[in-house]
Amino acid sequence: MDIRTRRLRSSETLRRMTRETRMSPDSLIYPLFVREGSGVEEELPSLPGQIRYSPDTVEKGVDAALGAGVRSFLFFGLPASKDESGAGAYDDNGVVQQALRNIKKTYKNDAFLVTDVCLCEYTSHGHCGLIADGEVDNDTTLPLLAKTAISHVQAGSDMVAPSGMMDGTVAALREGLDAGGYTGVPIMSYAAKYASAFYGPFRDAAGSAPQFGDRKTYQMDWHNGREALKRIHADRGEGADIIIVKPALPCLDIISKARAETPLPIAAYSVSGEYAMVKAAAACGYMDEYKVMCESAVGVFRAGADILITYYAKELAEAIRKGDIG
Ligand code: PBG
């Protein structure tokens, strides 16, 4: 008797029936950049196909994504001027706050708005926290991050995503939001965020490259895996509702380990460098962009992610609709 198991690949129907990984546009989040000004719609040179908007044009970006079936967005802001303490981040009339108000007015609850809570786009030195004696000062930064989160929520943010990697951020945000009466607003925390060279194109897009030093004192060393789990547990203890692993492709092992260790939903951030790399290789004719995009995204879900933050959100939603993935 032949007891070999079959490969279950003899027909397209069978292959699709037995796919282990499913994707839905519901699990995609699309990042959008908003800068100060009006009438702005500029393509980002380091992120081909991605557009930087101003608060009055950003609805075009939202509209295009909603049209493709993407309902969730992650906002980053670029203020006109920066200062030592990143005041633009928690300015009630800041660039992200203005964008949120405009979008909420038009789309109400059709678009789910997530905001990145960090100071690096708003500080003159480009670091994610305040500087004291030439170093990033963790604890004095926390109240400013809470203030930023509250002003985002007041302007219409549905969920806040602290990305600055300051210890105690989640607790500070939870306390601040609760005290402000925003007890129902969830926190999606960048718990495992590596000091990665893959953020290069983003720093061009957001104008947030550090002016001195690097982020290695607060972002994680990519030699370390257990440390990611430690941070995920710490953030959960402080009240994180969703945790982010970032970047995605170099961290599939972290996603997989995190999946086994935490009941929280896991979001993987496929960062700017991952996107730019595929774009550049495709432009040279070295790879098929569409297929690489599909395979990479599915790989992240197969590793255990529940949510994918990606610059390819619209194209992936389309690929899912066509049945090429999912
Ligand atoms: C800012 C922040 C960064 C990214 C998201 N939030 C940059 C950084 O830490 O330098 C990177 C996103 C990307 O590369 O797509 N704290």
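Residues numbered from 1 in each chain as written. Predicted model: local features only at pLDDT ≥ 70, side-chain atom pairs only at ≥ 80, totals over all residues. Heavy atoms only, no water.

A. View of the site of the ligand. Taken together, 17 residues are adjacent to the ligand, and Lys193, Arg203, Lys246, Ser272 and Tyr311 come closest. One nitrogen or oxygen atom from the side chain of Tyr311 is found 2.6 Å from an oxygen atom belonging to the ligand. For the ligand, the accessible surface in isolation is 400 Å², of which the surrounding protein chains cover 100%. Tallied by class, the residues present in the shell around the ligand amount to eight nonpolar, three polar and six charged. (Near = heavy atom within 4 Å. Polar contact = N/O pair within 3.5 Å; in protein donor to acceptor, adjacent residues only side chain to side chain. Areas by Shrake-Rupley, 256 points an atom, 1.4 Å probe, with all protein chains shown as cover. Nonpolar A, V, L, I, M, F, W, Y, C, P; charged D, E, K, R; others polar.)

B. Representation of the pattern of salt bridges within the structure. Under the defined criterion, the tally for this structure stands at eleven salt bridges. Across the pair Glu12 and Arg15 runs a salt bridge, and its minimum N-O distance is 3.0 Å. Taken together, the positions of Glu12 and Arg15, both in helix α1 (residues 12–17) and three residues apart, correspond to about one turn of that helix. Between Arg231 and Asp167 there is a salt bridge, and its shortest N-O distance comes to 3.3 Å. Here the residue Arg231 occupies a position in helix α7 (residues 226–238), and Asp167 occupies one in the loop between β8 (159–162) and α5 (169–179), the gap between them amounting to 64 residues. We classify Arg231 as buried; its relative accessible area is 16%. Three or more residues are tied together by salt bridges with common partners; here these are Glu12, Arg15 and Arg16. (Salt bridge = Lys/Arg side-chain N within 4 Å of Asp/Glu carboxyl O. Helix = DSSP H or I, 4+ residues; strand = E, 2+ residues; numbered from the N terminus. Buried < 20%, exposed > 50% of the residue type's maximum accessible area, 1.4 Å probe, protein only.)

C. Structural context of the nonpolar core. Among the nonpolar cores identified, the biggest contains 107 residues, and Phe33, Phe73, Leu74, Phe75, Met188 and Tyr269 are the most heavily contacted of them. Contact partners of Met188, with chain neighbours within four places excluded, come to Ile29, Val114, Met159, Val160, Ala161, Pro162, Ile242, Ile244, Ala267 and Ile309. (Core = buried A, V, L, I, M, F, W, Y, C linked by side-chain atoms within 4.5 Å. Contact = heavy atoms within 4.5 Å.)

D. Fine view of helix α9 (residues 272–283). In a regular helix each residue adds 1.5 Å, so twelve residues correspond to 16 Å; α9 covers 16 Å between its end C-alpha atoms and thus fits that length. Judged by how many residues are buried, α9 sits mostly within the fold: nine of twelve residues are covered. Residues of α9 that are buried: Ser272, Gly273, Glu274, Tyr275, Ala276, Val278, Lys279, Ala281 and Ala282. For α9, the elements touching its buried residues are β3 (47–53), α6 (200–206), β11 (266–270) and α10 (289–303). Just past α9, the residue Gly285 takes up positive phi, approximately 80 degrees. (Expected span 1.5 Å × (residues − 1).)

E. Region of interest: the packing of aromatic side chains. Scanning the model with the defined rule gives nine aromatic pairs in all. Ring geometry for Tyr269 against Tyr311: centres 6.3 Å apart, planes inclined by 45 degrees, an arrangement best described as tilted. One end of the pair, Tyr269, is in strand β11; the other, Tyr311, is in the loop between β12 (307–310) and α11 (313–322), and 42 residues separate them in sequence. Residue Tyr269 shares its accessibility class with Tyr311, and that shared class is buried. Ring geometry for Tyr275 against Tyr311: centres 5.7 Å apart, planes inclined by 55 degrees, an arrangement best described as tilted. Taken together, the positions of Tyr275 in helix α9 and Tyr311 in the loop between β12 and α11 put the pair 36 residues apart, joining distant regions of the chain. We classify Tyr275 as buried; its relative accessible area is 3%. On the basis of relative accessibility, which here comes to 1%, the residue Tyr311 falls in the buried class. Here a set of aromatic residues connected by ring pairs shows up, and it is made of Phe33, Phe76, Tyr190, Phe202, Tyr269, Tyr275, Tyr311 and Tyr312. In this structure, Lys193 is placed above the aromatic ring of Tyr199, and the distance from its NZ or CZ to the ring centre is 5.6 Å. (Phe/Tyr/Trp six-rings, centres within 6.5 Å; stacked < 30°, edge-to-face > 60°. Lys NZ or Arg CZ within 6 Å of the ring centre and 35° of its normal.)

F. Highlighting the packing of helix α2 (residues 58–68) against helix α3 (residues 95–107). For the pair α2 and α3, interaxial distance at closest approach is 10 Å and the crossing angle is 45 degrees. When the interaxial angle is binned, α2 and α3 end up oblique. Judged by the sense of rotation from one axis to the other, the crossing of α2 with α3 is right-handed. Contacts from Val58, Glu59, Val62, Asp63 and Leu66 of α2 reach α3 at Ala99, Asn102, Ile103, Thr106 and Tyr107. Its residues placed into classes, the contact of α2 with α3 shows six nonpolar, two polar and two charged. (Axes fitted to C-alpha atoms, helices over the stretch in contact; angles between N-to-C directions. Parallel < 35°, antiparallel > 145°, perpendicular 65-115°, else oblique. Left-handed = near helix turned anticlockwise from the far one by under 90°.)

G. Examining the pairing of strand β9 (residues 188–193) more closely. Burial within β9 is extensive, with six of its six residues counted as buried. Examined bridge by bridge, β9 and strand β10 (residues 242–246) share four bridges and lie parallel to one another. Note that in β10 the partner of Ala192 across the bridge is Val245. (Pairing = 2+ DSSP bridges.)

H. Structural view of the environment of Asp235. Its location among the elements puts Asp235 in helix α7. Measuring from C-alpha to C-alpha, the distance between Asp235 and Arg321 comes to 35 Å, with 86 residues separating the pair along the chain. If near-sequence neighbours (up to four positions away) are discounted, Asp235 is found in contact with Val170, Ser189, Tyr190, Ala191 and Ala240.

I. Main features of the side chain of Thr21. Within the fold, Thr21 resides in the loop between α1 and β1 (28–35). Non-local contacts of Thr21, meaning those with residues more than four positions away in its chain, are made with Val298, Phe301 and Arg302.

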